[in-house]
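Remarks on the overall topology
Chain by chain, the residues run as shown.
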Amino acid sequence: MKIIASVISLILILPLMALPSRGAFSYNETFSHIVNTVLSHYVSNTLMLLVLTCFWASLWGVGTAYILSSFKIAKRSLLKVAMMLPFACPGYLLGYYFVDTFQFTFSTRNIFWASFVMGISLYPYVYMSCLAGFSVRNIDLEEASLTLGRSPLYTFFHITLKGIRPYYAAGLGLVCMETLNDYGVADHFAIDTFTTGIYRAWFGFYSLPASVNLSMILLLFTASGLFLESWGRRNKSFYNTTSKMKLLKEKEVSLTNHSLLMIFVLTPFLIGFIFPISYCIKQITVHGGYEYFNSEFLSLLFNSFSMAFIVSFICLALALVNGFSHSLFKNKISRFLIRLSALGYAIPGSIIAIAIIVVFQNVDDLAGKSLVVGGKLLLVYSLVCRFFAVAYENIRSSQEHIPRNLMSYINLQTGSFFKKSKDLYFPYAKAAMLTSFVIVFVDVLKELPATMILSPLNFQTLSVSIYTLASDERLVESAPSALFILLSGLVPLFLLGKKLDKVGLGEN
Amino acid sequence: MKNISKILVFMMFAMCSIAAGELNLYTSRHYPVDKEILKDFEKESGIKVNLVYIKKASQLIERLKIQKEKAGADIILTVDVGNLWKAASYNLLQPLKMKELDSAIPSHLKDKNDLWAAISVRARVLAVNKSKIDPSTITTYEQLNDEKYKDKILIRSSSNVYNQSLIASMVANNGEEKTSKWLKGFVKNFARKPQGGDRDQLRAMGNGQGAIAVVNSYYAGKMWASKKESDIKVMKDVELIFPNQSGRGAHINISGLGIGKYAPNLENARTFIKYMISKKAQKQFAEANFEFPARKDVKITGLMAKFQDMKFDQLSLTKIGENTPKAIKLMDLASWR
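Residues numbered from 1 in each chain as written. Chains lettered and ligands numbered in written order. Predicted model: local features only at pLDDT ≥ 70, side-chain atom pairs only at ≥ 80, totals over all residues. Heavy atoms only, no water.

1. Here's the deal with the overall build of chain A
Worth spelling out the cut-off: Runs of H or I in DSSP of at least four residues are treated as helices and runs of E of at least two as strands, each being numbered from the N terminus. Partly exposed residues are those whose accessible area sits between 20% and 50% of the maximum for their type, while under 20% is buried and over 50% is exposed, using a 1.4 Å probe and protein chains only. When checking whether two residues touch, look at their non-hydrogen atoms; a contact exists if any pair is within 4.5 Å.
A count of helical and extended segments in chain A gives 23 helices and zero strands. Taken across its 508 residues, chain A has 63% of its residues classed as buried. Counted over contacts in chain A with a minimum sequence separation of 6, partners at least 24 positions apart contribute 84%.

In structure tokens:
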């Protein structure tokens with residue numbers, strides 16, 4: 001099994017290994033021009049955008065998750081689901097709508113508003129993983145802290161927040177990678193970031209090597225971030241020592257506080273979901289967008305959903321194998337490979353796509369005939385490479401909460417990989433599996449660059465259609481597709497929402 | 001799982017079947033008129049068009065470069081000469097060898113090695129707010145670095161390919177040194193940080209910022225034709241200037257096409273090009289998008305008709321492609337974002 005996990009990992013990092021063959025780390029005149037003139041802008045803008053986006057995503061993500069898991073709020077279970085919905089809204093779409101609505105009211109195109117828009121569309125990553133974390137946290141510690149005279153604020157920051165660190169880190173990590181990877185929002189808000197620079201080097205200077213060089217820097221940056229975080233929690237454990245978990249009791253709040261909390265919770269939901277939905281509906285009804293609900297739209301819908309389903313299914317299956325193997329086997333090489341395999345998420349989708357074409361071109365050349373290039377299979381593969389990390393990180397963080405004595409006990413037992421997985425990991429991973437599936441599903445629906453580059457003959461998706469139309473200001477034409485992407489989150493999210501709600505109520 | 005693998009296998013086979021009577025079109029254009037014309041072409045010729053559409057032409061070209069014959073590309077259709085130049089320099093195109101092209105399309109709108117040809121033309125022009133500046137006082141691009149236009153100029157980012165081509169044409173016409181110097185003054189005259197698309201420059205002008213917007217001619221056409229209240233207001237005071245009329249003419253760019261080097265349906269590709277340069281398609285193609293036809297003998301009607309006989313820069317378009325990387329470096333050095 002560890003061989004299978006290693007092979008899976010190798011397949012997933014194959015595109016990363018193909019990058020050097022496209023000129024990474026080689027001297028390049030264009031690259032040195034970039035280093036000498038604009039690179040410092042890219043770095044400072046990217047860092048600024050990253051920090052601000054993380055701030056917004058944490059504020060809404062952690063804040064709402066904590067409130068909804070800890071306080072008695074009206075319509076709590078409904079809100080728990082509703083808070084996830086902005087997740088289905090692609091950042092660039094929110095960006096277009098936001099700028100279109102407010103451009104004459106105030107100056108919208110700057111880092112502040114770009115990070116705000118990104119924060120709103122990305123906070124659900126943090127929210128989802130933190131909600132899971134808050135729901136299984138050890139309430140005893142908090143009570144002890146409060147009894148011993150610590151303030152609620154101190155307790156929140158030093159006990160509660162620390163306790164959910166793996167969850168928070170997983171969510172925030174995804175936010176970081178999405179931010180680093182973003183092209184649409186940064187481009188629309190006129191901010192030169194690393195990723196817009198990668199595209200510029202490629203499309204303007206016609207220099208794929210220079211853009212690959214930039215991607216590699218970006219990749220190293222992300223990789224070191226990820227390793228630092230896991231190194232930071234190397235000797236810490238986050239599992240519960242008690243076998244009996246105490247039921248979380250939500251605190252009562254006064255009417256004023258209740259309204260304040262409600263406003264806080266509803267803000268990101270209104271901006272990230274209700275605003276784009278109503279914008280869309282207006283385009284469809286008032287401006288005649290209903291004309292574009294045609295057969296072409298149906299084929300987009302079918303393409304997008306079938307692709308999303310297949311990719312999320314594969315990602316989940318692979319993440320389970322790799323996640324369980326990482327815990328079960330102590331073999332250093334396979335563990336290292338498994339960690340590496342989650343890096344695909346950090347590379348711009350377009351670079352992955354090109355790398356994959358390169359890899360498969362070589363495979364085709366060896367085989368002497370065209371096997372896969374240009375087909376849908378290739379697109380599936382690249383999306384799996386890209387989104388595997390999302391599923392994997394979720395599965396991994398679920399394992400950190402398995403009590404260690406239970407883990408050692410099971411590991412000592414004889415039995416197959418499947419039996420151990422079934423008995424030990426599976427029960428703990430159930431919620432994470434659902435989260436993984438849904439996140440990957442919606443991510444694939446939203447994905448742009450890889451889908452665009454690898455698009456097979458006569459194959460378009462909702463997201464590509466939205467982007468191409470909306471970036472040309474054809475917001476009316478794109479509205480039906482946009483509406484369905486926005487609503488697409490509903491189905492799987494409600495499914496997931498129910499489960500999460502149960503977790504929240506302590507029914508596991 | 002079984003079903004999924006079945007679906008995957010089916011998808012693969014579906015991809016591999018490229019039969020006769022077909023045309024594989026790789027395009028980066030996505031205007032409604034393209035769809036209409038393709039439909040008409042299918043009806044008239046009986047050839048089925050398979051479409052690969054990638055908005056970013058460079059991505060499309062990069063993919064073709066790697067896939068080579070496996071892409072099965074018969075026609076590559078894209079905007080901006082830089083992209084066609086790149087496709088040619090990557091050896092993705094084959095000579096067109098069509099007599100029909102020689103008579104229909106002027107030579108400056110064709111590749112000197114016969115690898116691509118223009119099907120429509122657009123100019124990069126100056127939209128001036130005539131309530132602020134007398135349009136007759138501006139006649140050239142070169143004037144725009146004059147200090148008196150400080151805080152007057154609205155233009156999008158230097159990442160935009162239309163701007164890159166404009167500057168590349170200036171490098172080709174005026175030389176690198178002169179252009180570099182000109183750029184520094186020009187960038188100082190910007191009314192704001194470059195942002196948004198061409199239409200956003202017009203809107204900013206309507207909103208009181210700046211007085212000269214650098215835009216593609218068809219965007220002005222689109223805005224004039226817009227039924228949106230706000231756009232009508234924005235365009236009320238706008239006059240278009242086609243610069244350098246007494247010199248080289250206004251800078252132009254094209255939508256153009258070429259035949260894929262490994263085109264599996266070569267004859268169909270030629271049939272398609274013949275159709276695209278037919279008078280009917282030329283008129284339809286240009287008018288719908290407020291562009292100008294590549295054919296001289298096709299007259300358009302409508303908003304842009306009065307501009308069709310303006311003087312256009314006949315600098316070989318190939319030179320623009322060659323000079324683009326140089327142009328971007330100069331723009332970087334002048335801190336044009």
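2. Side note on the layout of surface pockets
Put simply, the test is: Here the term cavity refers to a set of points on a 1 Å grid, laid over the protein atoms alone, in which a 1.4 Å probe fits but cannot get out; the term pocket refers to an open set having protein on both sides within 12 Å along at least five of seven lines, with lining residues being those that place an atom within 4 Å of a point. Grid points are joined across faces, edges and corners, and a volume is the space filled by probe spheres set on the points. Any residue that is not Ala, Val, Leu, Ile, Met, Phe, Trp, Tyr, Cys, Pro, Asp, Glu, Lys or Arg is counted as polar, Gly included; the first ten are nonpolar and the last four charged.
The computed volume of the second largest pocket comes to approximately 1400 Å³. Lining the second largest pocket are 49 residues; nearest its centre among them are Glu296(A), Ser299(A), Gln460(A), Lys35(B) and Leu51(B). Where the lining of the second largest pocket is concerned, the elements lending two or more residues are α14 (295-328), α21 (462-470) and α22 (475-488) of chain A together with α1 (2-16), β1 (22-27), α2 (32-45), β2 (48-53) and α11 (266-276) of chain B. Ranked by residue count, the leading element in the lining of the second largest pocket is α2(B), at eight residues. Tallied by class, the residues present in the lining of the second largest pocket amount to 24 nonpolar, 13 polar and 12 charged.

3. Section: helix α1 (residues 2-18) of chain A
Each α-helix turn comprises 3.6 residues. Residues three or four places apart therefore point the same way. Residue and element names in this part refer to chain A. Under the convention used in this document: In this scheme, a helix's expected span is set at 1.5 Å multiplied by one less than its residue total. Two axes define the bend at a residue: one fitted to the seven residues ending there, one fitted to the seven starting there, and the bend is the angle between them.
With 17 residues, α1 ought to run about 24 Å at 1.5 Å a step, and its terminal C-alpha atoms sit 24 Å apart, in line with that. In the structure, α1 departs most strongly from a straight axis at Leu 12, where the bend amounts to approximately 40° and where the proline Pro 15 lies between one and four residues downstream. Among the residues of α1, those classed as buried are Ala 5, Ser 6, Ile 8, Ser 9, Leu 12, Ile 13, Pro 15, Leu 16 and Ala 18.

4. Side note on the domain arrangement of chain B
Residues and elements named next belong to chain B. Applicable threshold: Segmentation of the chain into domains, including their bounds, is taken from an automatic or database domain assignment. Throughout, the accessible surface (probe 1.4 Å) given up by two parts as they are put together, summed over both, is called the buried area. Think of a salt bridge as a Lys or Arg side-chain nitrogen and an Asp or Glu carboxyl oxygen that are within 4 Å of each other. Distance and chemistry together define a polar contact, namely a pair of N or O atoms within 3.5 Å, with one atom able to donate a hydrogen and the other to accept it when in protein, and with adjacent residues in sequence counting only for side-chain atoms on both sides.
Structurally, chain B comprises domain 1 (20-121 + 252-310) and domain 2 (122-250 + 320-333). Put simply, the middle of domain 1 and the middle of domain 2, counted by C-alpha atoms, are 27 Å apart. At the boundary of domain 1 with domain 2, total buried surface from both sides reaches about 1700 Å², with 64% on carbon and sulfur atoms. Scanning the region where domain 1 abuts domain 2 turns up one salt bridge. Linking Arg 122 and Glu 291 is a salt bridge whose minimum nitrogen-to-oxygen distance equals 2.7 Å. The tally of links between domain 1 and domain 2 comes to seven residue pairs in polar contact (both at pLDDT 80 or more).

5. With respect to empty space enclosed by the protein
Vacant regions in the atomic arrangement are exposed by a probe of water-molecule size rolled over the atoms. Evaluated as defined, the whole model comprises 10 cavities of 30 Å³ or more. The computed volume of the largest cavity comes to approximately 430 Å³. If you trace the largest cavity, you find 26 residues lining it, with Tyr92(A), Glu178(A), Asp182(A), Leu448(A) and Pro449(A) closest to the centre. Among the elements of the structure, α5 (91-102), α6 (111-135), α9 (165-181), α10 (184-188), α17 (376-399), α19 (417-446) and α20 (449-453) of chain A are those that each provide at least two residues to the lining of the largest cavity. Across the lining of the largest cavity, the residue classes break down as 12 nonpolar, seven polar and seven charged. Within this model, the second largest cavity holds a volume of roughly 70 Å³. If you go around the second largest cavity, the residues you meet are Leu64(B), Lys68(B), Glu69(B), Ala71(B), Gly72(B), Ala73(B), Ile76(B), Leu92(B), Gly260(B), Lys261(B), Tyr262(B) and Ala263(B). Class assignment of the residues belonging to the lining of the second largest cavity gives a composition of seven nonpolar, two polar and three charged.

6. Considering the state of the cysteines
Residues and elements named next belong to chain A. In plain terms, the rule: A pair of sulfur atoms, both from cysteines and within 2.5 Å, is called a disulfide here.
Within this structure, the stated rule accounts for zero disulfides over all chains. The thiol of Cys 54 is unpaired, and the distance to the nearest cysteine sulfur, on Cys 176, comes to 3.5 Å. Note on Cys 385: no disulfide assigned, nearest cysteine sulfur contributed by Cys 315 at a separation of 8.8 Å. By relative accessible area, Cys 385 is classed as buried at 1%.

7. Details of the packing of aromatic side chains
Residue and element names in this part refer to chain A. This is how the line gets drawn: When two rings of Phe, Tyr or Trp (its six-membered ring) have centres within 6.5 Å they constitute a pair, described as stacked for plane angles under 30 degrees, edge-to-face for angles over 60, and tilted for the intermediate range. We count a charge as sitting over a ring when the NZ of a lysine or the CZ of an arginine lies within 6 Å of the ring centre and within 35 degrees of the ring normal.
All told, the structure shown has 45 aromatic pairs over all chains when counted by the stated rule. Centroid distance Trp 56 to Trp 60: 6.3 Å. Interplanar angle 15°. Geometry classified as stacked. You can see Trp 56 and its partner Trp 60 sitting in helix α3 (residues 39-70), four residues apart, about one turn around the helix. For the pair formed by Trp 56 and Trp 60, the shared burial category is buried. Where Phe 98 meets Phe 102, the ring centres are 5.1 Å apart and the plane angle is 55°; that geometry is what we call tilted. Taken together, the residues Phe 98 and Phe 102, both in helix α5 and four residues apart, mark about one turn of the helix. Here Arg 150 stacks its cationic end above the ring of Tyr 154, 4.2 Å away from the centre of that ring.

8. What to know about the packing of helix α11 (residues 194-203) of chain A against helix α3 (residues 57-67) of chain B
To be explicit about the condition: Angular values range over 0 to 180 degrees, each being the angle between N-to-C directions of two axes fitted as lines to C-alpha atoms, with helices fitted over their stretch in contact. Crossings are sorted by hand: turned counterclockwise from the far helix by less than a right angle, the near helix makes the crossing left-handed, and turned clockwise it makes it right-handed.
The interhelical angle for the contact between α11(A) and α3(B), taken along N-to-C directions, is 65°, at an axis separation of 9 Å. As α11(A) packs across α3(B), the resulting crossing turns out to be left-handed. Residues Tyr199(A), Trp202(A) and Phe203(A) of α11(A) form the contact with α3(B), whose participating residues are Ser58(B), Gln59(B) and Glu62(B). For the contact of α11(A) with α3(B), a count of residues per class yields three nonpolar, two polar and one charged.

9. Quick look at helix α2 (residues 29-37) of chain A
Threshold: Throughout, the arc means that of the directions going from the helix axis to the C-beta atoms.
Along α2(A), the positions that sit buried rather than exposed are Thr30(A), Phe31(A), His33(A) and Ile34(A). Taken end-on, α2(A) shows its buried residues confined to a sector of 160°, consistent with a single buried face. Projecting away from the buried face of α2(A) at angles above 90 degrees are the exposed residues Glu29(A) and Asn36(A). Among the structural elements, α3, α11 and α12 (208-232) of chain A together with α13 (317-333) of chain B are those in contact with the buried residues of α2(A).

10. A look at the nonpolar core
Residue and element names in this part refer to chain B. The cut-off we apply is this: We define the nonpolar core as a collection of buried residues of types Ala, Val, Leu, Ile, Met, Phe, Trp, Tyr and Cys that are connected through side-chain atoms lying within 4.5 Å of one another.
Formed by 285 residues in total, the largest nonpolar core has its most connected members in Ile 75 and Ile 167. The residues that make up this core include at least three from each of domain 1 (20-121 + 252-310) and domain 2 (122-250 + 320-333). With residues near it in sequence (within four places) discarded, Ile 75 still touches Leu 23, Asn 24, Leu 25, Tyr 26, Leu 257, Gly 258, Ile 259, Gly 260, Ala 269, Phe 272 and Ile 273.

11. Topic: unusual backbone geometry
Residues and elements named next belong to chain B. Positioned with a positive phi, Asn 91 is a non-glycine residue whose angle comes to about 65°. Checked against the element boundaries, Asn 91 lands in the loop between α4 (81-89) and β4 (93-94). Given a relative accessible area of 44%, Asn 91 falls into the partly exposed group. Of note in this structure, Phe 290 is not a glycine but carries a positive phi near 60°. With respect to the helices, strands and loops of the structure, Phe 290 is situated in the loop between α12 (279-288) and β10 (292-293). Given a relative accessible area of 17%, Phe 290 falls into the buried group.

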